[in-house]
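Reading the structure
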Amino acid sequence: MKILTALLLLTAVRLSSSQEGHLTLDPVEDVRRAEELPDPGLEEEDEEEEQILISPVRRLAYSVSDFGYDLYRLVASRDPGSNVFLSPVSVAVTLSALSLGTDSTNAQILHRLLNYDLVKDLDIHSVYKVLLTEITALPKHFRTVSRIYIKKKLKMRSKFVNQVDQFYGARPKAVFGNVQVDLRNINQWAKSRTSGLIKQVISSMPQDISLLLLSAAHYKGQLLTKFNSAETTQKVFSVDYGQNVIVPMMSDTNYPLRYGYDSELSCKIGLFRYLGDISLLIFLPIDIRKNMSLLEESLNPVFIHDLVSQLQEVKASVSLPRLKINAELELKESLGEMSLTPLYTPSRLNKITNVPLMVSSIKHHAVLELDEKGVREPPVLDPNDRQLIMDFHVNRPFLLVLYDNPSGSLLHIGRVMDPRGLMEEPVHQ
């Protein structure tokens with residue numbers, strides 16, 4: 001990865017009072033400015049990891065985030081032209097809770113899946129409790145819920161139920177056995193636990209439930225610098241194959257942004273700050289067909305950490321779709337490809353109950369709302385100000401990463417190939 005500062009400066013534009021104007025900058029001044037900035041050369045990966053893994057919470061978040069990037073890649077590869085969205089930390093919570101009920105062999109499968117080799121010296125479940133407390137604390141506005149459901153009329157061991165409740169905040173529960181009743185109860189529980197933010201966590205009940213793993217997450221934060229809602233207008237978004245669609249775009253001509261350009265991935269990167277020390281990274285590949293998959297293959301915690309450290313503070317002419325991404329997924333097949341299949345056949349999970357159980361469904365729901373709300377007004381553009389203004393117009397397919405800065409947790413990840421339909425109904429994947 002190479003974020004070229006000189007190229008960043010040479011792609012800058014000035015804005016006149018009436019329209020955007022692309023001006024040629026003084027090359028000598030460009031070189032002088034570039035020389036004043038720190039060298040963004042890469043460090044060795046093990047040195048990067050040492051910087052990231054500085055506390056038990058960050059070590060756990062690193063492991064779970066690495067799992068999340070792998071899961072995202074697998075889900076995304078199934079249909080390269082589709083929208084994809086999920087909350088890796090939410091999925092990992094349910095899998096980690098399940099490990100409390102497994103024998104050593106199945107626990108090892110779950111621990112390998114979640115990269116727990118890096119944290120095997122920790123009391124993982126206790127650290128998880130701290131991590132969940134931190135990422136859901138106000139004013140972050142990130143909500144996540146998870147629950148384990150088992151087949152009707154089975155009595156679970158009290159130790160398992162109490163441990164899951166203690167560390168992960170939701171007591172496992174047996175389903176009633178009536179599809180409509182169970183669907184209503186599960187949706188009401190999720191709605192209550194998210195204060196009404198997720199009104200329907202699942203749209204249908206899986207058949208023949210043995211073990212149902214349920215997870216959900218919602219984020220609608222406040223930007224540190226708001227957009228003026230009066231400037232949100234219908235603009236063109238270019239989807240693949242040359243087709244244009246019209247979507248509501250939040251816009252500002254002088255927006256504070258951390259910005260970079262990766263020459264190897266041919267990709268612009270913009271970082272938006274949210275209240276509670278949460279960041280939204282937007283990756284904007286120049287050539288979708290060539291660069292999106294290359295970008296997705298590059299994603300890992302070290303890559304993100306290194307990239308963010310190289311982004312530069314700029315003022316930018318920004319446009320960003322106003323969206324509500326609302327996705328419901330069944331992850332059993334994808335997680336099976338990631339080594340979970342041994343738990344898909346009847347196993348004696350004696351720490352849960354004395355009746356053989358198997359994972360029959362892994363349901364996940366994730367919501368991200370992007371709107372204008374924020375804390376501070378954007379700065380007013382002075383027409384006489386000669387400060388460089390960058391272009392960052394998210395008007396074509398993009399990839400997003402939402403993460404918590406203090407812990408390093410990957411909260412949400414997704415790509416938007418076509419923004420139509422991302423305001424109302426869930427996108428079933």
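Please refer to the structure higher up on the page.
These numbers come from a predicted model, not from an experiment.

1. Notes on the packing of helix α5 (residues 88–99) against helix α7 (residues 124–135)
Direction vectors running N to C along α5 and α7 enclose 150°, while the axes themselves pass 11 Å from each other. The pairing of α5 with α7 is recorded here as roughly antiparallel in orientation. Read as a crossing pair, α5 and α7 show a hand that is left-handed. Between α5, through V89, A92, V93, S96 and S99, and α7, the contact on the second element is made entirely by I124, H125, Y128, L132 and I135. Of the residues that constitute the contact of α5 with α7, the class distribution is seven nonpolar, three polar and no charged.

2. With respect to the pairing of strand β12 (residues 312–321)
A regular strand carries its side chains on alternate faces of the sheet. With eight of ten residues buried, β12 is to be regarded as a mostly interior element. Judged from the seven bridges that link them, strand β9 (residues 244–262) and β12 form a sheet pairing that is antiparallel. Looking at β12, one finds that M250 is bridged to L320. Relative to strand β16 (residues 389–393), β12 runs parallel, the two sharing five bridges.

3. Topic: the side chain of S251
Summarising the element assignment, S251 is placed in strand β9. Polar side-chain contacts of S251 include one of 2.9 Å to the side chain of K235. Excluding residues that lie within four positions of it along the chain, S251 makes contacts with F227, E231, K235, V318 and S319.

4. What about unusual backbone geometry?
For the bond running from L138 to P139, omega is 10°, close enough to zero to count as cis. Take P139: it is sitting in the loop between α7 and β4 (142–150). Residues other than glycine seldom take positive phi values, yet S266 does so here, at roughly 50°. Within the secondary structure layout, S266 lies in the loop between β9 and β10 (267–274). Of note in the backbone geometry, S339 takes a positive phi value of approximately 100° without being a glycine. By secondary structure assignment, the location of S339 is in helix α12 (residues 332–340). Note on S339: relative accessible area 35%, which makes it partly exposed.

Criteria and cut-off values
- Residues numbered from 1 in each chain as written.
- Predicted model: local features only at pLDDT ≥ 70, side-chain atom pairs only at ≥ 80, totals over all residues.
- Heavy atoms only, no water.
- Axes fitted to C-alpha atoms, helices over the stretch in contact; angles between N-to-C directions.
- Helix = DSSP H or I, 4+ residues; strand = E, 2+ residues; numbered from the N terminus.
- Parallel < 35°, antiparallel > 145°, perpendicular 65-115°, else oblique.
- Left-handed = near helix turned anticlockwise from the far one by under 90°.
- Contact = heavy atoms within 4.5 Å.
- Nonpolar A, V, L, I, M, F, W, Y, C, P; charged D, E, K, R; others polar.
- Buried < 20%, exposed > 50% of the residue type's maximum accessible area, 1.4 Å probe, protein only.
- Pairing = 2+ DSSP bridges.
- Polar contact = N/O pair within 3.5 Å; in protein donor to acceptor, adjacent residues only side chain to side chain.

Such coordinate-based values are descriptive only and should not be taken to indicate function.
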